[in-house]
Amino acid sequence: MSRNLTGTELKRLHRDWRRRTSGRLAVIVDGVQGPFNTGALIRTAAAERVDHIWFAAGATTPENTKVGKTALGTDRYVTWSVHDTAVAALAEASAQGYRTIGVELA
């Protein structure tokens, strides 16, 4: 039977994962326009201890007041920036030493 991890168990899992990897994780968001989707993404990113989120033009950013309703204050744990294109965001991520992996919903 499975069960949800407690807060302490989740923190231990994150700490152990960070020790086994280089520990750096970032996200590039392109085309996510729904503020509640962006808020959920930020909340998940904060839980996973994402270092930075790059928003490409056209994506809804934390500046939208509706994002905060879903982010529930977790936006203070993740830094973010906006770029004109996803290509510019990828270039910035690469310049900072991140390996990039693309995921698309189609």
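Refer to the structure presented above.
Bear in mind the structure is a predicted one, so any value in this text is a computation, not a measurement.

**Student:** If you had to explain the sheet that holds strand S2 (residues 52-56) to someone new, which residues and values would you point to?
**Tutor:** Strand order across the open sheet formed by three strands is S1-S2-S3, with parallel pairing between neighbours. Each edge of the sheet is formed by a strand with only one pairing partner; in this case those strands are strand S1 (26-29) and strand S3 (79-83). For this sheet, the mean inter-axis angle between neighbouring strands, taken without regard to orientation, is 15°. Bridge analysis of S1 against S2 gives four bridges, and the strand direction is parallel. Counterpart to Ala-26 in the pairing with S2 is His-52. Each of S1 and S2 is contacted by helix H2 (residues 35-47), which is oriented at about 155° to S2, the strand it contacts most.

**Student:** How would you summarise H2 if you had to cite specific residues and measurements?
**Tutor:** Over its 13 residues, H2 extends 18 Å from the first C-alpha to the last, a length consistent with the 18 Å expected when each residue adds 1.5 Å. By the burial criterion, the buried members of H2 are Pro-35, Thr-38, Gly-39, Ile-42, Ala-45 and Ala-46. For H2, the buried positions fall inside an angular range of 125° around the axis, keeping them on one side. At its buried positions, H2 is contacted by S2 and helix H3 (65-71). Positive backbone phi, approximately 60°, marks Arg-49, located one or two places after H2.

**Student:** Any chance you could break down the side chain of Thr-60 for me, citing the residues and the numbers?
**Tutor:** Tracing the backbone through its elements, the reader meets Thr-60 in the loop between S2 and H3. With sequence-adjacent residues up to four places away left out, Thr-60 is seen in contact with Val-32, Gln-33, Gly-34, Pro-35, Thr-38, Phe-55 and Val-67.

**Student:** I'd like a rundown of the nonpolar core, residues and numbers included.
**Tutor:** In this structure, Val-29, Ile-42, Ala-45, Ala-46, Val-50, Ile-53, Phe-55, Ala-59, Val-67, Ala-71 and Val-78 together form the largest nonpolar core, which totals eleven residues. Elements supplying a minimum of two residues to this core: H2, S2 and H3. Here this core takes three residues from H2, the largest share from any one element. Setting aside residues up to four positions removed in sequence, Ala-45 forms contacts with Val-50, Ile-53 and Val-78.

**Student:** I'd like a rundown of a nonpolar patch on the surface, residues and numbers included.
**Tutor:** Judged by side-chain polarity, Leu-5, Leu-10 and Leu-13 come together as a nonpolar surface patch covering roughly 250 Å² of accessible area. On the secondary structure map, Leu-5 appears in the segment before helix H1 (7-20). We classify Leu-5 as partly exposed; its relative accessible area is 45%.

**Student:** Before we move on, could you go through a positive patch on the surface and cite the residues and values that matter?
**Tutor:** On the surface, a cluster of positive charge is made up of Lys-11, Arg-12, Arg-15 and Arg-49. Along the chain, Arg-49 falls in the loop between H2 and S2.

What counts, and at which threshold
Residues numbered from 1 in each chain as written. Predicted model: local features only at pLDDT ≥ 70, side-chain atom pairs only at ≥ 80, totals over all residues. Heavy atoms only, no water. Pairing = 2+ DSSP bridges. Helix = DSSP H or I, 4+ residues; strand = E, 2+ residues; numbered from the N terminus. Axes fitted to C-alpha atoms, helices over the stretch in contact; angles between N-to-C directions. Contact = heavy atoms within 4.5 Å. Expected span 1.5 Å × (residues − 1). Buried < 20%, exposed > 50% of the residue type's maximum accessible area, 1.4 Å probe, protein only. Arc of directions from axis to C-beta. Core = buried A, V, L, I, M, F, W, Y, C linked by side-chain atoms within 4.5 Å. Patch = residues over 30% accessible without salt bridge, like charges linked within 9 Å, V, L, I, M, F, W, Y side chains within 5 Å. Areas by Shrake-Rupley, 256 points an atom, 1.4 Å probe, with all protein chains shown as cover. Salt bridge = Lys/Arg side-chain N within 4 Å of Asp/Glu carboxyl O. Lys, Arg positive; Asp, Glu negative; His and termini not counted. Charge placed at Lys NZ, Arg CZ, Asp CG, Glu CD.

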